[in-house]
Each structure stands twice: as C-alpha cells, then as structure tokens.
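# Structural characterization, general
Here's the letter readout for the chains.
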Amino acid sequence: MEGAVPPSSFIDKSRVLNVKPLRSLVPVFPSPPQAPPFVCSPPFGPFPPGFSPFYPFSIPQGSQSSPDQNQQTAGAGSTNQAAFPYSQPTHTPPGPIPAPIRSYRNSITVAEPPHFSGASNGAAPHLRGSKMVRKKAKKIQDAAFSLSIDGDKGSFKNFIVGCSSFQRDDGNREMVDYVLMTFDALRRRLSQVEDAKEAPAGIIKRGDLKSGNILMSKGLRTNMTKRIGVVPGIEIGDIFFFRMEMCVVGLHAQSMAGIDYMIDKIDLEEEPLAVSIVSSGGYDDDAEDRDVLIYSGQGGNINKKDKQVADQKLERGNLALERSLHRANEVRVIRGMKDSVNPSSKVYVYDGLYTIQESWIEKGKSGCNIFKYKLVRIPGQPGAFALWKSIQKWKEGFSSRTGLILPDLTSGAESIPVSLVNDIDDDKGPAHFTYFPTLKYSKSFNIMQPSYGCNCHKACLPGDLNCSCIRKNGGDFPYIANNILISRKPLVYECGPTCPCFPDCKNRVSQIGLKVRLEVFKTTDRGWGLQSLDPIRAGSFICEYGGEVIDSVKVKQVGDEGDSDEYVFDTTRIYDNSLKWNYEPGLLDEESSVDANEDNKIPSPLIISAKNVGNVARFMNHSCSPNVFWQLVLYEHNSEAFLHVAFFAIKHIPPMTELTYDYGISQSEKYEAQSSNAPRGKKECLCGSPKCRGYFG
C-alpha cells in the first residue's frame, strides 16, 4: 500500500497522536484568485480538470439495482427470496453497490436478478422450492427485456401514474382493477411486439414477466404492505391467469414459490408466519375437497422428472406453516386449475381464508419425507372453488343444473350449446325469437372504395406487411395467442370468407363462433341475463351481436308507433369514454399511436335489431361499470365490406358472473339528462355499480 511504513522501520508505540474524527474537521477551500473556484461535482461526473473520481463513483453507471431493503421477508421457494421489491425506485444506483448487511437474511439462499424472479403462469407449478427454480430463473434472465425501465420521471412521458403512495400500500377494488388492467394491456402489447419479430430459438416469450417487471420498476402496483387475512380490493372468487398478477396486487407476493410468508416479531424474536399459499397440482396435494386442503410442503430438490430426491426440511415456508399452525392465523388459499378453454394454461382462483388444523410428516412416492398440512376453510365465506366443482359436474353430466329449462336454446346453431336456466321463479323462458348467430344484411355496408382480401396462401403472420389485412390494421396484427384482442380501436379489419388464407387464420377471431360455455339465466330484478360457465380471460372474444341491420328511419317509425324495441344496438349512441383499456405508450417509452386511440369513431352508423332475429348477445344487460365492451369489426366478402359488432372481455371474468356492457345514451337523451334527473321514458338502472348513472337508454 502506498505510503505504508516498512516493517523494518522503528515505530514508537508509546506516542499518542492527537487524531480528531473526520466530521469535526473544518473544510479548507482555496481562495481566489490563486486557485480556481470551488466546484461541487455530481457523484458520477462530469468532473472538472484535475479531479479524479473515487470509489464507488469510479464505477461506470449500470442498470443493476441494489438488493431490496424494504421487502418484509421472502416466501417459500428457493428463487423468490429476494424477488420483486416492495418500494418504488427513484434512481438506479451505479454498478454493483454493496448491499447493507440487513438485506441478507438466513432465509435468502439464492441470488436473483433485481426484478425478474422467474414468474410462472403454471408452466412449472412443481417449483415450490427446488433446484429447478435456479435453471428456470436463468432462462428467464436470458430472455430479459431490452427496454429501458428505469424509475426516472423521464420514462413517464405520455403516462401519468394514477397510483399514490397510500394506494400502493393499501389498495381498494378500483385500484386492483386498474393495476390488473394496466398489467394485461402491457402484456398484450409486449406479446404483440414479440410475435411480430423472429425470435432466436430458445428465447422465452413471456410478456407476463416483462409486464410485471415494468410495473414493479414504475411502482405501479398496490397492496405492497404484506398482511395476514383479507387483502383490500380482492374478492373471493377473483381469477388470475398469471402468477405475476397476484404479485402486483399483493395477493401472493411470490412469483414462483407456493408459500408466501412474513416475519412477525414476538418479544424481540422473529418468526415466520404464512400469509398465502398456491395449490396448483405440482405436489402431492389432496385438493379435491371443497373445504379441506391437504397441502404438501416445499423443498426436496425436485429433479427433471418431477421426483423428490431428498427429505424436506423444516425451514422457510415449511417453518412458516408450522408457526401458523400454533398461532392459528388465517392463510389465504389460491387454487390453480386447468383452463377449460385453453387446457395448456392454468387459471388461479382465490378461494378465501383457511386455518391450519394439523401437520405431519409422511413418505412421498419417491420414498422421501414430505411435510403435510391440513387447511380448513373458514365457514361463512362465499363459494369459489366449490362453485368450480359444481360447474365441472354440470358439464360432465354427473349432476343436473338446478332450474334448467333448455340444454341448448340455439337448437344447434352454435358449435357450443347455450343453456337456459331459471332458478328464481316459474317463468319458462323469454319471448319467442328466431336464433341467428350473426348479422343479417339487406345490403352490404357502403364504403368509399372497393374492399379486397389478402393474398396470403397459408396463415396470415404477424409482422408480414405483404398481407393487405395487416396493412389495413396499421401494420400490426390485431390479435395474439388464444384469440386475445390487443387494443380497442375504431375499426378492426379481419380476413374475410374470400381471403385465400387458411380458415383457421388467427385474423378471423370474430367469425369462429362461441368459444366459452354461455348460459342465459333469470336475474332477480333485471329479466334475463347472460353469464359464462367458463372463466373468460381479458381481451377474449365472447360473441357477436346477431340480428337484423335496420336504418334509423325504421327505428324512428317504431318509436312513433309506441312499439318499444328493447333489443336495438346503435353505434351512434354516446358511450362512456372513461374506460381506458389499451396500454399506456409511456410505459414502454413509445409515442402515442393509433392503437392508443379508443374513441368509437366509426366510418358509418350501424343499427341492429335483435327483437325478432338475434343470438345470445340480446340477453346481455346494461351496466354503468361493465365487464364487456363492443368492438367494430370489418371483413369483406365478394368485394363488399360488412360491419359486425364483436364483444370482448374488459377484464378477467370468473364463472357465473353476469356479462354486461354499457348501452350508452342518445344525443337527445344527453341534453335531457343535463336538464333533469333522468331523460323521459328511460328505465331505472339497477346495475348496482358505485358509478351508476341511475338510468339507462
């Protein structure tokens, strides 16, 4: 070391030096004009001539952030102990700055990237605490998104975060919906970008991971305060299609691990307590009972064949469950099941609060010891998993649906039967009508120029600008995998019947018919309604509005005659523009584009009557806070263009949830509403929404 005293030199150790601490020394500044003026340089430069940076400011600026210091304690699983920070970063520190000692705890055993912890949407549910997690995390790290996602305010151009610090700590229903919609909108856009480019072999396309990473970095999340019991804004029966969704709303903070826990202090000692578990079928869980769950512990070093190769240990999540048994605290239970619409993926349903009744150790199939925990559901909660089991029995014919009137009111017109059910009163069905699954046109939709189909001879591919249908959509494919709509826009162009591409082309979503099992049912106070027996993912196509296309003259004539038509759909009505369903370009540092425009500007008005001829869409009721929106779709047939009205899910919709959309109001009704409480002749709205207008047209 420079300036060190050689070992051979004599040192008088009896001499005491008068050394003052550094903080007591007065700084000495050079006085002009003998010296240049004093300069206070930023930590990372630039530095004036003659000054050299020193550690740690000599380290080049990077993107690696320091380990999170505010996460209360990681949960189960070997990869998520330091996953996803619970605080919003305001500046990315330079390089690998040493972490404070308090950020390292006994339970943290695996180093992770700062934000990507290897979230799973069910592809690897067995990774509750195994070495496979590390390999999975490595693959995900290799597929890390290249976008700049720092927390600087500059990255928020064109985007205003509607999330206060209080809402980040403790959410509500509106905040949970907002975060989930933002997450999925971003995921859809990221998936669209990935689909449009040729990715190298082995690259994992995981828009859910990238979306979650961006929201975490921006601080756009809620319920960051880890807690035992109910999570504000999350209801029993809520569904999730990605583990990351549960992370950003605070239901289950671990993106891969099945056990989430927190550290509780008792008499100056810390002990872990379980707050939530995910049972997704990867371990030997006994999950068939509606109110009792036999849950397997974590760990045991699961190998590639999903076999346990070592005894589980009483640590981390296992220890937290054991402590919760003695404390008798509530534990949130999320059950993972196969998606009936897309069997290759999973759907997670929040089943409410349980308590741990007992625990034991037993030999697993591989001969190794496994911790077992018996969790019992707290009585008095709404049914969630129990409802799913009932629906499964109805579909398989093991039990009859209460109040079933018709097993298929479409008489085979749809590829999937639509049942008619009334368990409210003695009404045997709606008034007679002719079922027709699509629109009946008396003449084609009048367009300014002839319409021609694409020239693709196989399947239309994202990013192929040689496809005329893709060019009509602004160069972007309107759908991603599982027939999910990416963005609302004034008009979506689909391939028509005369396009030479394959009949199963992904750009024919609204023409493929029903994909979910729908049911027309009698409501308590709003007549007949429509619901689904299957879970519906946000952006999924539900149905088309079938009926007869009429003109405004006929509508006025019917009104003048006093014969009301409650089954009229009119695109010229005024709709609530507060719904922002598309992704925020500012989150991706993109300029505002056409896809960000959600205004219902249509090329020509379209009025449909479903009174005498129609399909299941005629039974959808109005709501001022709907879970379904309509989208105009155009495709050509024999050089003529035809407009259609397609309905898509605004958000994830659990089974047996009524499907509703906003009926809107007419121009005249808008002016009447400004001068009175309700326009003349309008009906009282019974949607029950906190944003209810009190009436509907």
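See the structure printed just above.
This write-up is about the structure you can find in this document.

Definitions and cut-offs
Residues numbered from 1 in each chain as written. Predicted model: local features only at pLDDT ≥ 70, side-chain atom pairs only at ≥ 80, totals over all residues. Heavy atoms only, no water. Helix = DSSP H or I, 4+ residues; strand = E, 2+ residues; numbered from the N terminus. Contact = heavy atoms within 4.5 Å. Areas by Shrake-Rupley, 256 points an atom, 1.4 Å probe, with all protein chains shown as cover. Buried < 20%, exposed > 50% of the residue type's maximum accessible area, 1.4 Å probe, protein only. Polar contact = N/O pair within 3.5 Å; in protein donor to acceptor, adjacent residues only side chain to side chain. Salt bridge = Lys/Arg side-chain N within 4 Å of Asp/Glu carboxyl O. Axes fitted to C-alpha atoms, helices over the stretch in contact; angles between N-to-C directions. Parallel < 35°, antiparallel > 145°, perpendicular 65-115°, else oblique. Left-handed = near helix turned anticlockwise from the far one by under 90°. Expected span 1.5 Å × (residues − 1). Pairing = 2+ DSSP bridges. Phe/Tyr/Trp six-rings, centres within 6.5 Å; stacked < 30°, edge-to-face > 60°. Lys NZ or Arg CZ within 6 Å of the ring centre and 35° of its normal.

When you go through the protein chain residue by residue, the secondary structure sums to ten helices and 27 strands. A separation of at least 24 residues holds for 72% of the contacts in the protein chain among residues at least 6 apart in sequence. Total accessible area on the protein chain stands at roughly 34400 Å², and carbon and sulfur atoms take up 54% of it.

This part covers the side chain of T523. Note that T523 resides in the loop between β15 (518–522) and β16 (528–532). According to the relative accessible area criterion, T523 is buried, its value standing at 7%. Within polar-contact distance, the side chain of T523 engages the backbone nitrogen of R526 at 2.8 Å. A distance of 2.6 Å separates a polar atom in the side chain of T523 from the backbone oxygen of G527. What T523 contacts, discounting residues up to four positions off in sequence, is I424, W528, G529, N621 and E658.

Here we come to the pattern of salt bridges. Under the counting rule described, the total for this entry stands at 26 salt bridges. Across the salt bridge formed by K389 and E288, the nearest N and O atoms sit 2.7 Å from each other. With a gap of 101 residues between them, K389 in helix α7 (residues 385–396) and E288 in the loop between β3 (269–279) and β4 (292–296) connect regions that are remote in the sequence. Judged by relative accessible area, K389 falls into the buried class, the value being 14%. The closest approach of N and O atoms between E362 and K372, which form a salt bridge, is 4.0 Å. One end of the pair, E362, is in strand β6 (residues 346–363); the other, K372, is in strand β7 (residues 369–377), and ten residues separate them in sequence.

Between helix α3 (residues 173–195) and helix α4 (residues 207–218), whose axes approach to 8 Å, the crossing angle comes to 130 degrees. As summarised for this structure, α3 and α4 are arranged oblique, according to the angle between their axes. Judged by the sense of rotation from one axis to the other, the crossing of α3 with α4 is right-handed. Seen from α3, the contacting residues are V179, T182, F183, L186, R187, L190, S191 and E194; seen from α4, they are G207, D208, K210, S211, G212, I214 and L215.

On to α7. For α7, spanning twelve residues, the distance from its first C-alpha to its last is 17 Å, which sits close to the expected 16 Å at 1.5 Å a residue. All of the buried residues along α7 are F385, A386, W388, K389, S390 and I391. For α7, the secondary structure elements touched by its buried residues are β1 (239–240), β5 (331–338) and β6.

This part covers the sheet that holds strand β14 (residues 492–493). Ordered by their spatial adjacency, four strands build an open sheet running β14-β23-β24-β17, and the pairing between neighbours is mixed. This sheet does not close on itself; its edge strands, each paired only once, are β14 and β17 (541–544). In this sheet, strand β23 (residues 628–637) lies alongside β14 in parallel orientation, the contact comprising two bridges. Within β23, the residue paired with V492 across the bridge is V633.

The next thing to look at is the environment of Q254. Note that Q254 resides in the loop between α5 (243–248) and β2 (259–266). Sequence-wise, Q254 and M244 are ten residues apart; in three dimensions their C-alpha atoms are separated by 8.3 Å. Side chain to side chain, Q254 and D260 meet in a polar contact 3.2 Å long.

The tally for this structure, following the rule as stated, stands at 15 aromatic pairs. Aromatic side chains Y545 and F647 sit 6.1 Å apart centroid to centroid with 50 degrees between the ring planes, which places their arrangement in the tilted category. One end of the pair, Y545, is in the loop between β17 and β18 (547–550); the other, F647, is in strand β24 (residues 640–649), and 102 residues separate them in sequence. By relative accessible area, F647 is classed as buried at 0%. An aromatic cluster is built from Y545, F569, W630, F647, Y661 and Y663, whose rings are joined through pairwise contacts. If you follow K440 out to its NZ or CZ, it ends over the ring of F436, 5.0 Å from the centre. The aromatic ring of Y567 is capped on one face by R618, whose charged end is 4.0 Å from the ring centroid.

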